[in-house]
Amino acid sequence: MEDVSYQVPAGVSTAQRIIKKSRFIATVSRAGTRREAEDFIESVRALHPAASHNCYAFLACAPGGADIGFGDDGEVSGTAGRPMMTLLEHSGIGEIVVVVTRYFGGIKLGPGGLLRAYTDSLRAALGELELKEHVPVRAGHIVFSYAHENSIRVLFEKSGVTITSVERGEDVRFGFTAPLGVVASLEERVASLTRGKSKLVWT
């Protein structure tokens, strides 16, 4: 799944529900790594120090990936983190983390009630979430003569390649990131353009 584009959160969304006097606040954000997910979870906990529970789930990778985590934070085992994780896995969204904060209102909900409360809260936050497309890229560099600079720039622009660095000496060196989907055709076009004198070097 790492070589295809997928949807990721474009920002942070929140949703709040009151269920039998308990207040549930779902907060969803993007997390491309496990560390980013853990930092976000801790930041939400810091915002709600008086909360009864801060249950969480995250998918810090592309949809279908294995870098996941979840926790019930003291709720009945299996009623919060795991069902929220299942919901994230079926959402088709990658690099996502959620924390559902609960302020206990004095009325117990039971295992089934808790499961519904946490998943419904997450669904509400997902409904408010703005998404954007994440296109996996591959980094590399190319060295070429000054005579080819303009044509290389035009080729890169048309192919969706981002130039990340430019070094000038006897020749020109571009650092770049290229969408994985154009890698093969880009190599062929660079070879044709420079008559085999330059090639893409991948890092």
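Here the structure is a predicted model, which means the values were calculated and not measured. (Residues numbered from 1 in each chain as written. Predicted model: local features only at pLDDT ≥ 70, side-chain atom pairs only at ≥ 80, totals over all residues. Heavy atoms only, no water.)

Moving on, we come to the sheet that holds strand β4 (residues 53-59). Strand order in this open sheet of five strands is β2-β3-β6-β4-β5, and the pairing throughout is antiparallel. Two strands close off the open sheet at either side, each with one partner strand: β2 (13-19) and β5 (68-71). Averaged over all adjacent pairs, the angle separating strand axes in this sheet is 15°, with direction ignored. Relative to strand β6 (residues 96-103), strand β3 (residues 22-30) runs antiparallel, the two sharing eight bridges. The residue of β6 that forms the bridge with Thr27 is Val99. Sitting on the sheet, helix α2 (residues 81-89) touches β4, β5 and β6, and the angle it makes with β4 is about 30°. Of the strands in this sheet, β2, β3, β4 and β6 are in contact with helix α3 (residues 110-128), which crosses β2 at around 145°. (Pairing = 2+ DSSP bridges. Helix = DSSP H or I, 4+ residues; strand = E, 2+ residues; numbered from the N terminus. Axes fitted to C-alpha atoms, helices over the stretch in contact; angles between N-to-C directions. Contact = heavy atoms within 4.5 Å.)

Moving on: the pattern of salt bridges. For the coordinates displayed, the defined rule picks out 10 salt bridges. Notably, a salt bridge pairs Arg35 with Asp39, separated by 3.1 Å at the nearest N-O pair. Separated by four residues within a single helix, Arg35 and Asp39 lie in helix α1 (residues 34-47), roughly one turn from each other. Given a relative accessible area of 42%, Asp39 falls into the partly exposed group. Each of Glu149, Arg153 and Arg168 takes part in one network of salt bridges that share partners. (Salt bridge = Lys/Arg side-chain N within 4 Å of Asp/Glu carboxyl O. Buried < 20%, exposed > 50% of the residue type's maximum accessible area, 1.4 Å probe, protein only.)

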